[in-house]
Amino acid sequence: MPELPEVETTRCGIAPHIENNIITKVIVRNRNLRWPIPTGLNSKLNQQKILSVTRRAKYLLINTNIGSLIIHLGMSGSLRILQGNEVVEKHDHFELQFKDGLCLRLRDPRRFGCVLWTKDDPQQHKLLLNLGPEPLDKAFNAELLFEKSRKRKTTIKQFIMDAKIVVGVGNIYASESLFLAAIKPTRLAGKITKQNANDLTAAIKKILKQAIKQGGTTLKDFRSSDGKPGYFQQKLKVYDRKNEPCTQCKKLIKQVTLGQRSTFYCSYCQK
Ligand SMILES: [Zn+2]
């Protein structure tokens with residue numbers, strides 16, 4: 001599943017090609033994504049210029065003078081910049097064609113992604129309105145994490161994966177951040193100390209920055225926006241390393257399931 005770093009990588013990959021470019025055609029080959037792609041996009045967007053490509057959580061926002069497309073890649077979506085006449089494949093459901101002959105093409109085999117339209121400020125869209133802060137913004141800090149965690153009886157791992165607390169901490173990054181902060185993922189959120197909140201906030205920022213820098217971590221299905229497969233596998237310290245030795249203490253990494261998600265940790269290094 002594309003995580004926040006992949007989405008940011010995608011944004012950086014597509015933006016230089018489509019910002020200030022003029023849309024000449026919108027093609028919808030299969031409307032049936034997670035929610036139906038709205039009708040009438042071609043007549044709306046024909047001859048519109050793309051002003052910017054921004055991101056909020058895992059949503060990409062393609063902004064024009066008359067409104068914004070809100071795109072989510074779901075479980076298996078990818079966006080690529082291609083020549084407009086490139087052969088269309090089975091799962092290429094949506095594309096924007098541009099005046100200079102390029103196109104932005106969405107492929108989504110599992111169709112859990114979405115392409116939506118709003119004529120208003122996309123930050124006010126119901127999907128985005130109640131999201132927590134961006135992990136790399138100053139608004140996400142130790143004080144906030146500590147205050148919000150008080151009296152919470154959920155595990156700390158599920159807590160940091162809650163998009164109302166902070167967006168973009170996916171399953172891989174949650175395990176890795178908790179290892180870096182030396183906090184056991186099964187601890188209750190309400191039991192972490194101020195020091196833990198400091199360490200964990202710093203760890204989340206560090207891990208996500210690293211992943212963005214490396215172009216995103218992924219396990220399958222991701223293709224970078226220029227069409228090459230996304231093989232930037234980050235060096236993971238605990239995730240998917242069950243029964244392998246901890247990089248710090250050599251004890252074997254354990255796996256538990258929290259909220260139906262696989263969770264990996266070192267029972268010696270993480271308390
Ligand atoms: Zn260890």
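To be clear, the structure that these remarks concern was listed above.
Summary of the structure given here. A quick note: this is a predicted structure, and the numbers were derived from the prediction, not measured.

### Re the overall build of the chain
Tallying secondary structure elements over the chain gives seven helices and 10 strands in all. By the compact-globule yardstick of 18 Å for 271 residues, the chain fits well, its C-alpha radius of gyration being 20 Å. When the backbone C-alpha atoms are referred to their principal axes, the chain occupies close to 60 × 35 × 30 Å. Relative to its full complement of 271 residues, the chain shows a buried share of 52%.

### Things to note about the coordination of the zinc ion
Around the zinc ion, the protein contributes the donor atoms C246 (SG), C249 (SG), C266 (SG) and C269 (SG), at 2.2 to 2.4 Å from the metal centre. Relative to the metal, the four donor atoms surrounding the zinc ion lie at angles of 98 to 115°, and the coordination shape comes out tetrahedral. Counting residues between consecutive donors of the zinc ion along the chain gives the motif C-x2-C-x16-C-x2-C. On the basis of relative accessibility, which here comes to 0%, the residue C266 falls in the buried class.

### As for the nonpolar core
The biggest cluster of nonpolar side chains holds 27 residues, and the ones touching the most others in it are I18, I62, L69, F94, L96 and L104. Looking at this core element by element, the count peaks at four residues for helix α1 (residues 4-18). For F94, the residues in contact, after removing those within four places along its chain, are V26, I27, V28, I37, L41, L69, L104, R105, L106 and V115. Membership of the second largest hydrophobic core comes to 24 residues, among which are I165, L178, A203 and A211.

### Topic: the packing of aromatic side chains
The full count for this structure, using the stated rule, is one aromatic pair. Both rings, one in Y239 and one in F264, keep their centres 5.1 Å apart while their planes meet at 70°; by these two values the pair is edge-to-face. On the criterion of sequence distance, the pair formed by Y239 in the loop between α7 (194-213) and β9 (254-258) and F264 in strand β10 (residues 261-265) is long-range, its members being 25 residues apart. Looking at F264, the relative accessible area reads 3%, which means it is buried. Of note, R150 hangs over the ring of F146, and the distance from its end group to the ring centre comes to 3.9 Å. Sitting over the ring of Y268, K251 keeps its end group 4.3 Å from the ring centre.

### Comments concerning the sheet that holds strand β8 (residues 114-118)
The antiparallel open sheet is built from four strands, whose spatial order is β2-β3-β4-β8. Single-partner strands in this sheet number two, and they are β2 (50-56) and β8. Put simply, the sheet's adjacent strands are angled 20° from each other on average, direction ignored. Strand contacts of α1: β2 and β3 (59-64), with the helix running at about 175° to β2, the strand carrying the most contacts.

### A closer look at the pairing of β3
For a regular strand, side-chain orientation follows a simple rule: the groups alternate between the two sheet faces. Counting buried positions along β3 gives six out of six residues, so the element sits mostly inside the fold. Going residue by residue along β3, you find Y59, L61 and N63 tucked away on one face and L60, I62 and T64 tucked away on the opposite face as well. Counted along the chain from β2 to the antiparallel partner β3, the turn is two residues long, and its residue A57 has a positive phi close to 55°. Alignment of β3 against strand β4 (residues 67-72), held across six bridges, turns out to be antiparallel. Its bridge partner being in β4, I62 is matched across the sheet by L69. Taking the residues that link successive antiparallel strands as the turn, the β3-β4 hairpin has two residues.

### Thoughts on α1
Since one α-helical turn is 3.6 residues long, residues separated by three or four positions face the same way. Here α1 contains 15 residues, and its C-alpha end-to-end distance of 21 Å stays within 8% of the 21 Å for a straight helix at 1.5 Å per residue. Those residues of α1 not exposed but buried are L4, P5, E6, V7, E8, T9, T10, I14, A15 and I18. Two residues or fewer past α1, N20 is found with a positive phi of approximately 70°.

### Topic: the sheet that holds strand β6 (residues 92-98)
The antiparallel open sheet is built from four strands, whose spatial order is β1-β6-β7-β5. Only two strands of the sheet have a single neighbouring strand rather than two, namely β1 (23-28) and β5 (78-83). Strand-to-strand twist in this sheet, taken as the mean axis angle between neighbours without regard to direction, amounts to 20°. With five bridges connecting them, β1 and β6 associate as antiparallel partners. The partner of K25 across the bridge, within β6, is Q97. Against the sheet, α1 contacts β5, β6 and β7 (102-107), and its axis sits at roughly 30° relative to β5.

Here is what the cut-offs are and how they apply
Residues numbered from 1 in each chain as written. Predicted model: local features only at pLDDT ≥ 70, side-chain atom pairs only at ≥ 80, totals over all residues. Heavy atoms only, no water. Helix = DSSP H or I, 4+ residues; strand = E, 2+ residues; numbered from the N terminus. Rg over C-alpha atoms; globule rule 2.2 N^0.38 Å. Buried < 20%, exposed > 50% of the residue type's maximum accessible area, 1.4 Å probe, protein only. Donors = N, O, S within 2.8 Å, 3.2 Å for Na, K, Ca; no water. Tetrahedral: all angles 85-135°; square planar, octahedral: opposite > 155°, others 65-115°. Core = buried A, V, L, I, M, F, W, Y, C linked by side-chain atoms within 4.5 Å. Contact = heavy atoms within 4.5 Å. Phe/Tyr/Trp six-rings, centres within 6.5 Å; stacked < 30°, edge-to-face > 60°. Lys NZ or Arg CZ within 6 Å of the ring centre and 35° of its normal. Pairing = 2+ DSSP bridges. Axes fitted to C-alpha atoms, helices over the stretch in contact; angles between N-to-C directions. Expected span 1.5 Å × (residues − 1).

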